[in-house]
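Here's the letter readout for the chains.
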Amino acid sequence: ERLALGVGQYGGSSELAPDARNLPEVLNILQGNPDRFNEYCNLVKEVFPSVQKVSVRPHPTNPQNAVEIMIWQVDPALQREDLAMPLTQCGTGVGQVLAMLYVAKTSDQPRTIVIDERGSFLHPGASRALIGILKRFSQHQYVIATHSPEILAELADAPVTVVRWEDSRSVIDQWPHTTGDAAMLALTEVG
């Protein structure tokens, strides 16, 4: 499902909605803290090296009530905002990463972050980079549903739970960290 995360209402909330529908609003608030926002943009660049900066601006068709997220793939020092691209024209993985990094970076309280990778929208290198960044924010608990070998490799020290269907019931196998047996069972489940 392609979530419409690129344009949202202008507002004063810094709390991201569970479906991230107010991502433009919260990034606009974060932009008011330039150092923290630059740190956030640097995290985004670690996942997507081609992204030089993220910014939020008033939406061109509704500047009083709406804001939109812009993705800069050119050096912002060129001052060519005409070359910045609206998030609505980017792949779905970009918006999802922006939302996950926002929660990991800005949450003052520990959170449980659930990532369902049913249909992966990220390049394997971007997936590994994202997981590497999330591991730095260890105050949060992450629950990641995946069959991706690169994610399993990146999370080699994390507990693994494999849920499989056997004899008309779910069977759960658990390991304290990724082992060859755990990886083989997880990958066998997807053929």
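Only a predicted model underlies this, so the values are computations on that prediction, with no experimental measurement involved.

(A) The overall build of the chain, seen in detail. Within the chain, the regular secondary structure consists of six helices and eight strands. Element order for the chain, N to C, with α for helix and β for strand: β-α-α-β-β-β-α-β-α-β-α-β-β-α. For the chain, the spread of C-alpha atoms along the principal axes amounts to about 60 × 30 × 30 Å. Per-residue burial over the chain gives 42% buried out of 191 residues. Restricting the contact set of the chain to residue pairs at least 6 apart, pairs at least 24 apart contribute 48%.

(B) Molecular detail of the side chain of K105. Looking at the element boundaries, K105 is found in helix α3 (residues 92-106). Take K105: its relative accessible area is 16%, and that puts it in the buried class. Once you skip the residues sitting within four places of it in the chain, K105 turns out to touch R36, E39, Y40, L43 and F137.

(C) Inspection of the layout of surface pockets at higher detail. Of the voids in this model, the second largest pocket is the one considered here, and its volume is about 720 Å³. Around the second largest pocket, the lining is made up of 26 residues, and of these I144, A145, T146, L155 and P159 lie nearest the centre. Listed by contribution, the elements that provide at least two residues to the lining of the second largest pocket are α4 (124-136), β6 (141-145), α5 (149-154), β7 (160-166) and α6 (180-189). Among the elements that take part in the lining of the second largest pocket, β6 stands out by supplying five residues, more than any other. Residues that form the lining of the second largest pocket fall into these classes: 15 nonpolar, five polar and six charged.

(D) A look at unusual backbone geometry. Residue A20 is not a glycine yet carries a positive backbone phi of 65°. Mapped onto the elements, A20 comes out in the loop between β1 (7-9) and α1 (23-31). On the basis of relative accessibility, which here comes to 7%, the residue A20 falls in the buried class. Phi at D167 is positive, roughly 50°, even though this residue is not glycine. For D167, a relative accessible area of 66% puts it in the exposed group.

(E) Helix α2 (residues 34-47), seen in detail. The terminal C-alpha atoms of α2, which comprises 14 residues, lie 20 Å apart, in line with the 20 Å expected from a rise of 1.5 Å per residue. Every buried residue of α2 is listed here: F37, Y40, C41, L43, V44 and V47. Down the axis of α2, the buried set is contained in an arc of 155°. They therefore lie on one face. Relative to its buried face, α2 has exposed residues pointing more than 90 degrees away, namely P34 and D35. If you follow the buried residues of α2, they end up packed against α1, β2 (53-58), α3 and α4.

(F) Highlighting the pairing of strand β8 (residues 169-175). Summarising the sheet, β7 and β8 pair through seven bridges and their orientation is antiparallel. Considered in β8, the bridge of V162 is made with D173. Adjacent in sequence and paired antiparallel, β7 and β8 are bridged by two residues, among which D167 carries a positive phi angle near 50°.

(G) Main features of the side chain of T106. The topology assignment puts T106 in helix α3. Accessibility expressed as a relative area gives 13% for T106, which makes it buried.

(H) Quick peek at the nonpolar core. Counting 43 residues, the largest nonpolar core has Y40, V54 and L98 as its most contacted members. Ignoring anything within four residues of it in the chain, the contact list for V54 reads L27, F37, C41, V44, I69, M70, I71 and L98. One finds L152, V160, V162 and A182 within the second-largest nonpolar core, a separate group that totals five residues.

(I) Region of the structure containing the confidence of the model for the chain. The share of residues in the chain with pLDDT of 70 or more is 96%, and the mean pLDDT across the chain is 87. Here α6 is the element of the chain with the lowest mean pLDDT, 72, and α2 is the one with the highest, 97.

Parameters at a glance
- Residues numbered from 1 in each chain as written.
- Predicted model: local features only at pLDDT ≥ 70, side-chain atom pairs only at ≥ 80, totals over all residues.
- Heavy atoms only, no water.
- Helix = DSSP H or I, 4+ residues; strand = E, 2+ residues; numbered from the N terminus.
- Buried < 20%, exposed > 50% of the residue type's maximum accessible area, 1.4 Å probe, protein only.
- Contact = heavy atoms within 4.5 Å.
- 1 Å grid on protein atoms, 1.4 Å probe; cavity = no way out; pocket = protein on both sides within 12 Å on 5 of 7 lines; lining within 4 Å.
- Points joined across faces, edges and corners; volume = space filled by probe spheres on them.
- Nonpolar A, V, L, I, M, F, W, Y, C, P; charged D, E, K, R; others polar.
- Expected span 1.5 Å × (residues − 1).
- Arc of directions from axis to C-beta.
- Pairing = 2+ DSSP bridges.
- Core = buried A, V, L, I, M, F, W, Y, C linked by side-chain atoms within 4.5 Å.
- pLDDT = per-residue confidence, 0-100.

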